[in-house]
Amino acid sequence: MAAARPKLSRNPALGLGHLLTLAILAFACEACEEVTLQVPTKLPAEKFVGRVNLKDCLKSANLIHLSDPDFQVLEDGSVYTTNAVVLSSGQRSFTIWLLNTDNQEEREISVHLEGPGEVLNERRHPENILRRAKRRWAPIPCSMMENSLGPFPLFLQQIQSDTAQNYTIYYSITGPGVDKEPRNLFYVERDTGNLYCTGRVDREQYESFELIASATTPDGYTPEYPLPLLIKIEDENDNYPIFTQPVYSFTVLENSPVGFSVGEVCATDKDEPGTMHTKLRYSILEQVPSPPTLFTMHPTTGVITTTSSQLDRELIDKYHLKIKVQDMDGQYFGLQTTATCIITIGDVNDNLPVFTRTSYVTSVEENTVNVEILRLTVQDKDLVNSPNWRANYTILKGNENGNFKIVTDPETNEGILCVVKALDYEERQQVTLQIGVANQAPYTREASLRSPMSTATVTVTVRNQDEGPECIPPTQTVRIPENVPIGTRHNGYRAYDPETRNSNGIRYRKLSDPRGWVTVNEDSGSISIFRTLDREAETVRNGIYNITVLALDADGRSCTGTLGIVLEDVNDNGPFIPKQTVVICKATMSSAEIVAVDPDEPVNGPPFDFSLESSDSEVRRMWRLTRINDTAARLSYQNDPSFGTYVVPIRVTDRLGLSSVTSLKVTVCDCITESDCRIRSGERTSYAEMRLGPWAILAILLGIALLFCILFTLVCSVSQATKQQKGLPDDLAQQNLIVSNTEAPGDDKAYPTNGFTTQTVGASGQAAFGTLGRGVKSGGQETMEMVKGGQQTLDTCRGAGYHHHTLDPCRGGHVEMDNFRYTYSEWHNFTQPRLGEKVKLCHEDDNQVLGQDYVLTYNYEGRGSAAGSVGCCSDQQEEDGLEFLDHLEPKFRTLAEVCAKR
């Protein structure tokens, strides 16, 4: 609704015609709503009573009138008292008329005020009784004021069910405020259905309560569905609006136009949004300094803007505003809060720097450089140490030769005039400079139109000086081919006397010659080659070798110059491959790219020719070279080489035929990337490079010496024991030495031909037997073994050709092999398959159970041994004599003697 429309009938601007119209229409208008408000018995002035919905009744109303002057209604439907009101009878009513003067449409709203515990007299509005009768058990809107003063319990409303006409109904409620927090705030009388509140409620904490009302009979029957009951807490203007900041700080540039936005302030209010309680209005209470008023604030947005374009930082650089925010749309009874706003005036470049003097005079000696000769000062009203204040000095005229330079002192803002290029008294004795000054920041349009750049004149007098030789130009060059013969002479550096403009009387001295290649003639400055010149040396840069020469006159004054010897290239370096280690990851690549370089000039360099330099056919079979471009080739492997490092010699030849051979170390690696292979190689290299320290070597030597001592002690002990002929332990009393090549399985067992076959020579009873295991009888030696108990004897069954032997309980003796012998390989091929079958039967009884002894195999000890091999493949026999010990070899004689004595 527009603010220009009248709100109350008490407005003195209300015309007589409108009052007559209201009086006529009051009898014909239709009541669109009735509102009942629960209020205390006593209401102070300007007290919020409640809120009615005006727009639902008549949206286009532009005139509001109340029948009771003790009350007023705002545009949002908020009802306030204008005077103190006392409900003498516990109730009071008034009517609100809404009128649209354009189409003469009018509506009215009846407002009934009820004190605590009072019920509206329904006889005054019989039409409401019918409406209520139709809604005996339906959602009933209910509200109460927050922070109500009571008296408590405070009656809110009555809930009733139509079934109470037929049943005895008990009423109950549940929900927040009853059996949930805040507990016991509401209760209902069981028999009457009267709903009460027991205490004050803060809307900012609880905006509403949703209760569930139930109607039941004494026997538990529920004739009605549970009834949702909403109790809305009406807002009271009990919260002050609060600024978001106690102090606001804004900056606005000086000379800003009218209406320029300075900043925005903001405030919050905890009361109900969308009501007059939270409708805020901003204003400026005070400005310091006060005259004139330069700022204004928008009443609803809080935006501060300028009202004048005369903001001048050089006059006032800061303003303090006391600002206010008030709810109720700024009405006098609204709550208000104040805050401080500080507005800083920002500087703009509206003041030009001005020289304190318009002319300066100074002097400088000729041939002097990098000296300060004058300081110039300026004044600027802008902000100190800002770009608007800092000065930039410029030499406008008189510095065409670049002899002078002027810079700004950052501390004092002065202009420092310096000589950067020596002045020549013979050329000019006086120089006049015109210097201008400006700020770093650009000028505002007003400042640039107001005044031009400030300028000053500086007169510089040049003083004469006795000068020495001049090294002009400071760098001179001479071209010499590299590798010229030693002693070759060339022109050198030449200095001049500025007075005579010739070189007479000037002596020269070499100050710097990095490699000592040349000598300088003292009188003429010419140079002689002292050592061979090499263009590819490290001290040569871009083919130029620099030496420094000092020139002196007769009075000792000097100058220094540089002589650059331009070395002309000669093809004296063959191309080579700088990267001599190549890694080829076999999993991802089959070749590697190699690049050659030539220190000579390009005319003596690429294109290069690559070839394998090796007479080894294996290298040429494994590796292949393919040219990529003028300086690179591709090395690839062939025939799937194994992992490892290979040396591949490669010859690289330049365009003039000069070549060199580079031996590449090519690593074929099981990797994905080259870095993986390098890491592994690094680990192995690090391990391989470990060295033992001197203390570790000493410890090893001491350990070896200790082992020799122990070994020597054992040998001595064995020798002593042999001399004393100590007896064997008791558990060896029954052990005897037998011939290892007699099996002695018993009289009842005969072995087939493919078992243990031997050859005999002549008709003697002696035979040569193949030894069991890997032992061999050689040179009359026998393989012996120790067995417990009995002894083995041998009997030979003669036959033609081969003789088959069976073991017989007779004494065995020394057995020799005369002429025929098998070599070890023939014996092994012949006996190995047969021995396997016999070993399986060794030491088995009738039940095919293995014995406790096992066949042990010993290695063949070779021919010519003084003692044969010892094996263990015997069968237990009954005790027998020990006469066979007389035929033992020296190795077992001592042991046999001991056994015989036991």
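**Description of the overall build of the protein**
Helices and strands together make up the secondary structure of the protein, namely eight helices and 52 strands. For the protein, with 902 residues in total, the buried portion stands at 40%. Of the accessible surface of the protein, which amounts to about 50000 Å², a share of 52% is contributed by carbon and sulfur atoms.

**Details of the state of the cysteines**
A full pass over the atoms with the stated rule returns three disulfides. Covalent S-S linkage joins Cys 585 and Cys 671, the inter-sulfur distance amounting to 2.2 Å. In this structure the cystine formed by Cys 585 and Cys 671 twists about its S-S bond by roughly -95 degrees; its chirality is therefore left-handed. Taken together, the positions of Cys 585 in strand E42 (residues 581-585) and Cys 671 in the loop between strand E48 (659-669) and helix H5 (674-688) put the pair 86 residues apart, joining distant regions of the chain.

**Digging into the sheet that holds strand E38 (residues 518-520)**
Taken in spatial order, the three strands of this open sheet run E36-E39-E38, and their pairing is antiparallel. The strands lining the two open edges of the sheet, one partner per strand, are strand E36 (489-490) and E38. Bridging between E36 and strand E39 (residues 527-529) involves two bridges; their strand directions are antiparallel. Bridging across to E39, Arg 489 finds its partner in Ser 528.

**Describing a nonpolar patch on the surface**
Together, Ile 697, Ile 700, Leu 701, Ile 704, Phe 708, Leu 711 and Val 715 make up a nonpolar patch on the protein surface, roughly 660 Å² of accessible area in all. As for its position among the elements, Ile 700 is in helix H6 (residues 694-724). For Ile 700, a relative accessible area of 43% corresponds to the partly exposed category.

**What to know about the pattern of salt bridges**
Tallied over the entire structure, the rule returns 25 salt bridges. The shortest N-O distance in the salt bridge between Asp 347 and Arg 313 comes to 3.1 Å. Here Asp 347, found in the loop between strand E25 (336-346) and strand E26 (354-355), pairs with Arg 313, found in the loop between strand E23 (303-306) and strand E24 (318-326); they are 34 residues apart in sequence, far enough to count as distant. Neither Asp 347 nor Arg 313 differs from the other in exposure class; each is buried. Salt bridges sharing partners connect three or more residues here, namely Arg 51, Lys 232, Glu 234 and Glu 272.

**Section: the pairing of strand E16 (residues 227-234)**
Of the pairings in the sheet, the one linking strand E10 (residues 142-145) to E16 comprises four bridges and is parallel in character. Looking at E16, one finds that Cys 142 is bridged to Ile 231. Where strand E15 (residues 208-216) meets E16, six bridges bridge the pair, whose relative direction is antiparallel. What sits directly across from Ile 212, in E16, is Pro 228.

**Let's talk about the nonpolar core**
Ranked by size, the top nonpolar core spans 25 residues in total, and within it Met 144, Ile 173, Phe 186 and Ile 231 carry the most contacts. Mapped by element, the contributors of at least two residues to this core are E10, strand E11 (154-158), strand E12 (170-174), strand E13 (186-188), strand E14 (194-197), E15 and E16. Apart from residues lying up to four places away in sequence, Met 144 is in contact with Leu 154, Leu 156, Phe 186, Cys 197, Gly 199, Val 201, Ile 231, Lys 232, Ile 233 and Glu 234.

**Observations concerning unusual backbone geometry**
The amide bond that connects Glu 181 to the next residue, Pro 182, takes the cis arrangement and shows omega of -5 degrees. Relative to the helices and strands, Pro 182 resides in the loop between E12 and E13. The omega torsion of the bond from Val 288 to Pro 289 falls at -5 degrees, within 30 degrees of zero and hence cis. Note that Pro 289 resides in the loop between strand E21 (281-288) and strand E22 (295-297). Notably, Asn 639 is not glycine yet its phi reads approximately 60 degrees, a positive angle.

**Describing the environment of Val 86**
Here Val 86 shows up in strand E7 (residues 85-86). Ignoring anything within four residues of it in the chain, the contact list for Val 86 reads Thr 41, Lys 42 and Arg 92.

**Concerning the packing of aromatic side chains**
Taken as a whole and assessed by the stated rule, the structure comprises 17 aromatic pairs. When the centroid spacing of 6.0 Å and the interplanar angle of 50 degrees are considered together, the rings of Tyr 167 and Tyr 221 count as tilted. Remark: Tyr 221 occurs in the loop between E15 and E16 and Tyr 167 occurs in the loop between E11 and E12; sequence separation between them is 54 residues. Among the residues examined, Tyr 221 registers a relative accessible area of 44% and is labelled partly exposed. Note on Tyr 248 and Phe 250: the rings are 6.2 Å apart at their centroids and 10 degrees apart in plane angle, and the pair reads as stacked.

**Observations regarding the environment of Pro 452**
With respect to the secondary-structure elements, Pro 452 resides in the loop between helix H3 (445-450) and strand E34 (454-463). When its relative accessible area of 69% is taken as the criterion, Pro 452 is described as exposed. Pro 452 sits 14 residues away from Ala 438 along the chain, and the two C-alpha atoms are 9.9 Å apart.

**Quick word on the sheet that holds strand E31 (residues 404-408)**
Reading across from one edge, E28-E32-E31 is the order of the three strands in this open sheet, with antiparallel pairing throughout. Where the open sheet ends on each side, the last strands, each with one partner, are strand E28 (371-376) and E31. Sheet twist, expressed as the mean angle between neighbouring strand axes with direction ignored, is 25 degrees. Of the pairings in the sheet, the one linking E28 to strand E32 (residues 415-419) comprises five bridges and is antiparallel in character. Looking across to E32, one finds that Leu 376 is bridged to Gly 415.

**Remarks on the environment of Leu 352**
By the secondary structure assignment, Leu 352 is in the loop between E25 and E26. You can call Leu 352 buried: its relative accessible area is 15%. Leu 352 sits 36 residues away from Asn 388 along the chain, and the two C-alpha atoms are 8.6 Å apart.

**Considerations on the pairing of E15**
Burial along E15 is one-sided: the residues Phe 209, Leu 211, Ala 213 and Ala 215 are buried and none of Ser 208, Glu 210, Ile 212, Ser 214 and Thr 216 is. In terms of strand pairing, E12 meets E15 through five bridges, oriented antiparallel. Each bridged residue has a counterpart across the sheet, and for Thr 174 the counterpart in E15 is Ile 212.

So, how was this worked out
In every chain, residue numbers begin from 1 and rise along the written sequence. Where totals are concerned, whole chains, interfaces and linings use all residues; where local detail is concerned, this predicted model gives features only for residues with pLDDT of at least 70, and gives and counts side-chain atom pairs only at 80 or more. Derived side-chain values reflect all non-hydrogen atoms in the structure, with water molecules and hydrogen atoms excluded from consideration. Helical segments are the DSSP runs of H or I of at least four residues, strand segments are the runs of E of at least two, and each set is numbered from the N terminus. For every residue, the accessible area (1.4 Å probe, protein chains only) is compared with the maximum for its type, and the residue is labelled buried under 20%, exposed over 50%, or partly exposed between those bounds. Every accessible area reported is derived by Shrake-Rupley at a probe size of 1.4 Å, with residue values counting cover from the shown protein chains alone. The definition used for a disulfide is geometric: two cysteine sulfur atoms within 2.5 Å. By this definition, two strands are paired if DSSP reports at least two bridges between them. Exposure above 30% relative accessible area and the lack of any salt bridge qualify a residue for a patch; like charges then connect within 9 Å, and the nonpolar side chains Val, Leu, Ile, Met, Phe, Trp and Tyr within 5 Å. We count a salt bridge whenever a side-chain nitrogen from Lys or Arg sits within 4 Å of a carboxyl oxygen from Asp or Glu. Definition used in this section: a nonpolar core is a set of buried Ala, Val, Leu, Ile, Met, Phe, Trp, Tyr and Cys residues joined via side-chain atoms within 4.5 Å. Throughout, a residue-residue contact means that at least one pair of heavy atoms, one from each residue, lies within 4.5 Å. To pair, rings of Phe, Tyr and Trp, with the six-membered ring standing in for Trp, must have centres within 6.5 Å; the planes then decide the type, stacked if under 30 degrees apart, edge-to-face if over 60, and tilted in the middle. Think of each axis as a best-fit line through the C-alpha atoms, taken over the contacting stretch in the case of a helix, with angles from 0 to 180 degrees between the N-to-C directions.

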